[in-house]
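Per-entry structural report
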Amino acid sequence: MPTRTATTTWTGDLQSGSGAVELSSSKVGSYEVSFPHRAADEADGATSPEELIAAAHSSCFAMAFSNQLAQAGGADARLTVRADVTLGADPAGGLRIRTSRLTVRGSVDGLDNDAFVTAAEEAKVGCPVSKALAGTDIQLDAALG
């Protein structure tokens with residue numbers, strides 16, 4: 001399996017410094033990062049590690065979930081997956097990623113809502129990004145529709 005690479009350049013200290021993260025493998029872009037933007041409610045055009053993890057988790061889960069639906073006998077799946085990743089205080093000190101909340105809505109031929117939810121739970125456990133986030137509270141809200 002391939003290795004994927006991102007590269008960050010940073011100048012300055014945590015509070016006044018800033019940087020850019022480049023998605024080096026895909027070459028799809030370079031994005032501003034800074035701690036003040038990371039800690040603020042509004043991102044103002046900058047990304048954050050949490051947003052990048054949310055992108056990774058939602059896309060990984062969507063792939064794993066589509067596979068679980070097919071294995072359960074579903075066909076023609078159409079999914080919308082949102083991941084909300086929250087940064088918060090770590091009881092041991094500093095900060096940590098506290099939660100990743102996956103919300104999925106979709107349609108699939110041949111399965112009812114119970115089978116859809118069961119496949120979602122299996123995908124949540126089997127998704128490689130979920131596995132990488134071991135120790136993080138991963139929540140799931142799945143339903144047809």
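From a predicted model like this one, the values you see are computed outputs, not experimental measurements.

Turning to the pattern of salt bridges, a few remarks are in order. Counting across every chain of the model gives five salt bridges. Here Asp76 ties to Arg78 by a salt bridge, and the two come within 2.4 Å at their closest N and O atoms. Asp141 is paired through a salt bridge with Arg101; the nearest N and O atoms lie 3.7 Å apart. You can see Asp141 sitting in strand E6 (residues 137–144) and its partner Arg101 sitting in strand E5 (residues 95–109), a full 40 residues away along the chain.

What follows is about helix H2 (residues 49–71). The end-to-end C-alpha distance of H2, which contains 23 residues, comes to 33 Å, matching closely the 33 Å that a straight helix rising 1.5 Å per residue would cover. If you check which residues of H2 are buried, you get Glu50, Ala54, His57, Ser58, Cys60, Phe61, Ala64, Phe65, Gln68 and Leu69. At the C-terminal side of H2, Gly73 shows a positive phi close to 100°.

On to the nonpolar core, then. Membership of the largest hydrophobic core comes to 24 residues, with the highest contact counts inside it found for Phe61, Phe65, Leu69, Leu102, Val104, Phe116 and Leu140. Mapped onto this core, the elements with two or more residues apiece are H2, strand E4 (75–89), E5, helix H3 (113–126) and E6. Looking at this core element by element, the count peaks at six residues for H2. The residues touching Phe61, leaving out its near neighbours within four places in the chain, are Val81, Leu102, Val104, Ala120, Ala123, Lys124, Cys127 and Leu140.

So, on to unusual backbone geometry. Although it is not a glycine, Lys27 sits at a positive phi angle of roughly 60°. Summarising the element assignment, Lys27 is placed in the loop between strand E2 (18–22) and strand E3 (30–33). A relative accessible area of 69% means that Lys27 is categorised as exposed. The backbone phi angle of Asp44 is positive, close to 50°, even though this residue is not glycine. If you trace the backbone, Asp44 turns up in the loop between helix H1 (35–39) and H2. Residue classification places Asp44 among the exposed positions, given a relative accessible area of 62%.

This next bit is on the pairing of strand E1 (residues 7–11). Where E1 meets E2, five bridges bridge the pair, whose relative direction is antiparallel. Paired with Trp10 across the bridge in E2 is Gly19.

Next up on the list: the pairing of E5. Two elements, E4 and E5, share 13 bridges in a ladder whose sense is antiparallel. Considered in E5, the bridge of Leu79 is made with Gly106. The turn linking E4 back onto E5 is made up of five residues, and Gly93 within it adopts a positive phi angle of 115°. With eight bridges joining them, E5 and E6 adopt parallel strand pairing.

About the cut-offs
Sequence order sets the numbering: in each chain, residues are counted from 1 along the sequence as written. Whole-chain, interface and lining totals are the exception, using all residues; otherwise, since this is a predicted model, local features are given only for residues with pLDDT of at least 70 and side-chain atom pairs are given and counted only at 80 or more. Side-chain figures throughout are based on the complete set of non-hydrogen atoms in the structure, without hydrogens or water. One speaks of a salt bridge when a side-chain nitrogen belonging to Lys or Arg is within 4 Å of a carboxyl oxygen belonging to Asp or Glu. Each helix is a run of H or I in the DSSP string that is no shorter than four residues. Each strand is a run of E no shorter than two, and both are numbered from the N terminus. To estimate how far a helix should extend, the number of its residues minus one is multiplied by 1.5 Å. A 1.4 Å probe rolled over the protein chains alone gives each residue an accessible area, and that area as a share of the maximum for its type sets the label: buried under 20%, exposed over 50%, partly exposed in between. Definition used in this section: a nonpolar core is a set of buried Ala, Val, Leu, Ile, Met, Phe, Trp, Tyr and Cys residues joined via side-chain atoms within 4.5 Å. We call two residues in contact when some of their heavy atoms are within 4.5 Å. Pairing between strands is defined by DSSP: at least two bridges between them are needed.

Such coordinate-based values are descriptive only and should not be taken to indicate function.
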